[in-house]
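# Inside the fold
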Amino acid sequence: MADLHDQRILIIDFGGQTTQLIARRVREAGVYCEIHPWDISNEAVAQYRASGVILSGGPESVTQANSPTIPSAILTLEVPILGICYGMQAMVNQLGGEVQAQAAHSEFGYAKVELVADTPLFLDLRDERNNDTDYLDVWMSHGDRVESLPDGFERVGTSENAPMAIIANTQAQRYGIQFHPEVTHTVQGEQILKRFVLDICGCDGLWNAGNIIEDAITRIRKQVGKEEVLLGLSGGVDSSVVAAMLHEAIGDQLTCVFVDNGLLRLNEGDQVMETFAKNMGVRVIRVDAEDRFLDALAGVSDPERKRKIIGNLFVEIFEQEAAKLVNANWLAQGTIYPDVIESAASTSGSAHLIKSHHNVGGLPANMRLKLLEPLRELFKDEVRRIGVDLGLPPAMVQRHPFPGPGLGVRILGEVKKEYADILRAADAIFIEALYAHDLYDKVSQAFTVFLPVKSVGVTGDGRRYDYVVALRAVETVDFMTARAARLPWDMLDEVSRNICNSIPRISRVSYDISSKPPATIEWE
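Residues numbered from 1 in each chain as written. Predicted model: local features only at pLDDT ≥ 70, side-chain atom pairs only at ≥ 80, totals over all residues. Heavy atoms only, no water.

Another point: the overall build of the chain. On a plain count of helices and strands, the chain comes out with 15 helices and 21 strands. For the chain, whose C-alpha radius of gyration is 25 Å, the value lies close to the compact-globule estimate of 24 Å for 524 residues. Dimensions of the chain, computed from the C-alpha atoms along their principal axes, are close to 70 × 65 × 40 Å. Look at the contacts in the chain between residues 6 or more apart in sequence, and 75% of them connect residues 24 or more apart. Accessible surface for the chain amounts to roughly 22300 Å². Of this, 47% is attributable to carbon and sulfur atoms. A distance of 5 Å separates the average location of the 50 positive side-chain charges in the chain from that of its 72 negative side-chain charges. (Helix = DSSP H or I, 4+ residues; strand = E, 2+ residues; numbered from the N terminus. Rg over C-alpha atoms; globule rule 2.2 N^0.38 Å. Contact = heavy atoms within 4.5 Å. Areas by Shrake-Rupley, 256 points an atom, 1.4 Å probe, with all protein chains shown as cover. Lys, Arg positive; Asp, Glu negative; His and termini not counted. Charge placed at Lys NZ, Arg CZ, Asp CG, Glu CD.)

With that settled, the discussion passes to the sheet that holds strand β14 (residues 254–260). On the basis of which strands lie adjacent, the open sheet formed by five strands has the order β15-β14-β13-β16-β17 and parallel pairing. In this open sheet, the two edge strands, each paired with only one partner strand, are β15 (284–288) and β17 (370–372). With strand direction ignored, the average angle separating the axes of adjacent strands in the sheet is 30°. Strands in contact with helix α6 (residues 209–224) are β13 (228–232), β16 (328–332) and β17; relative to β17, the strand with the most contacts, it is inclined by about 170°. (Pairing = 2+ DSSP bridges. Axes fitted to C-alpha atoms, helices over the stretch in contact; angles between N-to-C directions.)

Bringing the pattern of salt bridges into the picture now. Where charged atoms from two side chains of opposite charge approach closely, those side chains can pair. Inspection of the entire model under this criterion finds 34 salt bridges. In this structure, the salt-bridge partner of Asp3 is Arg219, at a minimum N-O distance of 3.3 Å. Separated by 216 residues along the polypeptide, Asp3 in the segment before β1 (8–13) and Arg219 in helix α6 bring together distant segments of the chain. In this structure, Arg129 engages Asp134 in a salt bridge whose closest nitrogen and oxygen atoms are separated by 2.6 Å. (Salt bridge = Lys/Arg side-chain N within 4 Å of Asp/Glu carboxyl O.)

Let us now look at the nonpolar core. Counting 68 residues, the largest nonpolar core has Val53 and Val229 as the members making the most contacts within it. Element by element, the count of residues in this core is highest for helix α7 (residues 237–250), at nine residues. Beyond its immediate stretch of four places on either side in the chain, Val229 contacts Val224, Leu246, Ile250, Gln253, Leu254, Thr255, Trp330, Ala332 and Leu372. With 55 residues, the next largest nonpolar core counts Val259, Leu369, Leu423 and Ile499 among its residues. (Core = buried A, V, L, I, M, F, W, Y, C linked by side-chain atoms within 4.5 Å. Buried < 20%, exposed > 50% of the residue type's maximum accessible area, 1.4 Å probe, protein only.)

Moving on: the state of the cysteines. For the structure on display, the rule yields zero disulfides. No disulfide involves Cys85; its sulfur sits 19 Å from the nearest other cysteine sulfur, which is in Cys33. Residue Cys85 is classed as buried on the basis of its relative accessible area, which comes to 4%. (Disulfide = S-S within 2.5 Å.)

Look at α6 against α7: their axes get within 9 Å of each other, and the N-to-C directions meet at 65°. Every pair of crossing elements has a handedness; the one defined by α6 and α7 is right-handed. Along the contact surface, α6 presents Ala216, Ile217, Ile220 and Arg221, while α7 presents Met245, Leu246, Glu248, Ala249 and Ile250. Classifying every residue of the contact of α6 with α7 by side-chain character gives seven nonpolar, no polar and two charged. (Left-handed = near helix turned anticlockwise from the far one by under 90°. Nonpolar A, V, L, I, M, F, W, Y, C, P; charged D, E, K, R; others polar.)

For the bond from Lys516 to Pro517, the omega torsion is -15°, close enough to zero to count as cis. By the secondary structure assignment, Pro517 is in the segment after β21 (506–511). Following Pro517, the chain continues into Pro518 via a peptide bond in cis, with omega recorded as 10°. Within the secondary structure, Pro518 is located in the segment after β21. Residues other than glycine seldom take positive phi values, yet Asn267 does so here, at roughly 65°. Along the polypeptide, Asn267 turns up in the loop between β14 and α8 (268–280). Positioned with a positive phi, Asp438 is a non-glycine residue whose angle comes to about 55°. Secondary-structure assignment places Asp438 in the loop between α14 (417–436) and β18 (445–459). Judged by its relative accessible area of 51%, Asp438 is exposed.

Attention shifts here to the confidence of the model for the chain. Looking at the chain, the pLDDT average stands at 89 and 92% of residues meet or exceed 70. Low pLDDT, under 50, characterises residues 344–362; the predicted model gives this stretch 50 contacts beyond four residues in sequence or across chains. (pLDDT = per-residue confidence, 0-100.)

This part is about the environment of Tyr467. Within the secondary structure, Tyr467 is located in strand β19 (residues 462–475). Residue class for Tyr467 comes out buried when judged on its relative accessible area of 8%. Sequence separation of Tyr467 and Ala172 is 295 residues, and the distance between their C-alpha atoms is 64 Å.

Turning our eyes to something else, we now look at the packing of aromatic side chains. Inspection of the entire model under this criterion finds 10 aromatic pairs. Relative to Trp207, the ring of Tyr32 lies with its centre 4.9 Å away and its plane at 50°, an arrangement referred to as tilted. Of this pair, Tyr32 sits in strand β2 (residues 32–37) while Trp207 sits in the loop between α5 (189–200) and α6, placing them 175 residues apart in sequence. With respect to burial, Tyr32 and Trp207 carry one shared label: buried. The ring of Tyr48 is capped by Arg8, whose NZ or CZ atom sits 4.2 Å from the centre of that ring. The ring of Phe402 carries the charged tip of Arg265 above its face, separated from the ring centre by 3.9 Å. (Phe/Tyr/Trp six-rings, centres within 6.5 Å; stacked < 30°, edge-to-face > 60°. Lys NZ or Arg CZ within 6 Å of the ring centre and 35° of its normal.)

Below, the discussion takes up the pairing of β13. The buried fraction of β13 is high, at five of five residues. By the alternation rule, side chains of β13 split into Glu228, Leu230 and Gly232 and Val229 and Leu231, which are all buried. Bridging between β13 and β16 involves four bridges; their strand directions are parallel. Across the sheet, Glu228 pairs through a bridge with Ala328, a residue of β16. In terms of strand pairing, β13 meets β14 through four bridges, oriented parallel. Counterpart to Gly232 in the pairing with β14 is Val257. This β-α-β element, β13 to α7 to β14, shows right-handed connectivity. (Right-handed = clockwise from strand over helix to strand, strands pointing away.)

By secondary structure assignment, the location of Arg25 is in helix α1 (residues 19–28). Judged by its relative accessible area of 13%, Arg25 is buried.

Within helix α12 (residues 380–389), seven of the 10 residues are buried, leaving the element largely enclosed by the surrounding structure. Listed as buried for α12 are Lys380, Asp381, Glu382, Val383, Arg384, Ile386 and Gly387. Directly after α12, the chain includes Gly391, whose backbone phi takes a positive value near 90°.

Right, here's the structure in full:
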């Protein structure tokens with residue numbers, strides 16, 4: 001099989017909120033891609049060997065001093081380039097065209113683009129035809145606009161407030177679009193990106209679940225050889241898919257360590273052992289480490305410290321278990337691409353740390369075991385598709401994400417056993433209600449958060465002063481942006497009553513309606 005990474009798209013990120021969506025659309029078209037910051041070095045650009053380049057949107061203005069620029073090495077590449085919004089403006093500006101700030105003529109939201117010339121990227125693509133003229137329904141988000149074009153470019157499409165809504169230098173295979181094809185509001189957006197990466201860039205579309213599995217298994221076998229691998233199995237989607245993939249690749253060389261740290265969901269330990277050890281025949285060691293984790297977390301309230309403590313203790317336990325095996329030199333983890341993106345700043349420090357994931361930013365520098373992360377370049381939806389192809393139960397594959405630190409980052413402030421027990425019970429009531437109302441699969445992630453405050457309540461004729469929990473449910477495509485799910489009021493009322501009536505230490509239930517951004521999905 002051809003190397004799936006030989007044909008690949010380089011996405012240059014100028015800080016746009018939908019850059020992750022561009023990558024997902026390219027992957028859905030069957031082509032591998034990576035996102036790199038705009039300050040990527042010219043050497044790294046050359047080493048990447050891109051089949052094509054996509055320049056993302058961004059919040060800056062090319063008319064301002066010190067605004068982000070396209071690396072010079074990209075503009076000398078003899079591969080197709082597609083500039084989106086800011087990416088288009090940066091390309092025009094650096095190639096000798098003119099971009100002007102036009103705050104009075106901004107376009108945000110729906111717009112209609114009239115196609116005024118032919119170009120291979122837009123051939124036969126239209127949403128409406130009127131008086132022999134083709135139109136596209138698109139989604140815009142810009143203030144600046146292109147006023148004059150560099151040599152070799154022509155105007156292909158125009159909108160009410162963007163006279164150069166689509167531009168092209170067909171001979172040089174450089175295209176610019178003022179709108180965002182990655183969002184669903186641009187009706188032909190998926191087709192535009194698919195045509196760019198397949199037809200314009202000449203990629204074959206080999207990036208699919210079956211090929212990804214075959215490629216990953218080959219790489220795992222080559223990387224590991226005859227050595228043994230330890231996998232930290234949490235029972236979540238990511239680690240479960242890694243377990244199935246490693247079991248397929250190396251069989252008995254895999255030992256899963258399931259650490260029961262006291263920060264799991266209700267009955268989760270028994271469910272994990274039932275699924276993997278009994279039904280799949282995977283070797284699973286169950287370690288009861290509740291006291292060790294709770295003791296290490298005593299008095300700690302800062303979420304970053306909690307993540308690092310939990311991550312370090314996980315590794316300590318894994319290494320202790322590895323020492324019992326003769327040839328265990330690898331620690332496998334379910335790290336996925338969004339984990340890496342959210343945890344890492346760019347090489348120049350221009351990106352901001354949102355939070356460190358315990359399996360990315362919380363590992364000790366002196367760890368003896370070598371890391372094996374077969375899902376590191378995959379988005380969540382890709383992981384789920386692979387899980388189905390590997391034969392995992394659909395209910396497991398479609399299970400909502402659960403953070404590596406578990407309830408440790410869903411208990412705000414200090415973590416105590418009492419808090420974990422209360423939260424486990426409340427969360428189970430919420431999740432059971434979602435299933436009962438046929439809502440679990442209609443939201444992307446749902447959970448309960450324990451708040452370190454007390455609130456006055458009433459029980460019968462008596463005063464009640466006890467804890468508060470918050471319910472959280474979101475809808476998202478890529479987990480990089482999300483909005484609060486609009487759950488039925490009657491269902492939320494039912495959950496609140498059941499929690500307060502069956503858990504004496506909870507006096508109040510709230511519902512989190514914050515979107516991401518500005519909030520994150522998890523509270524810590």
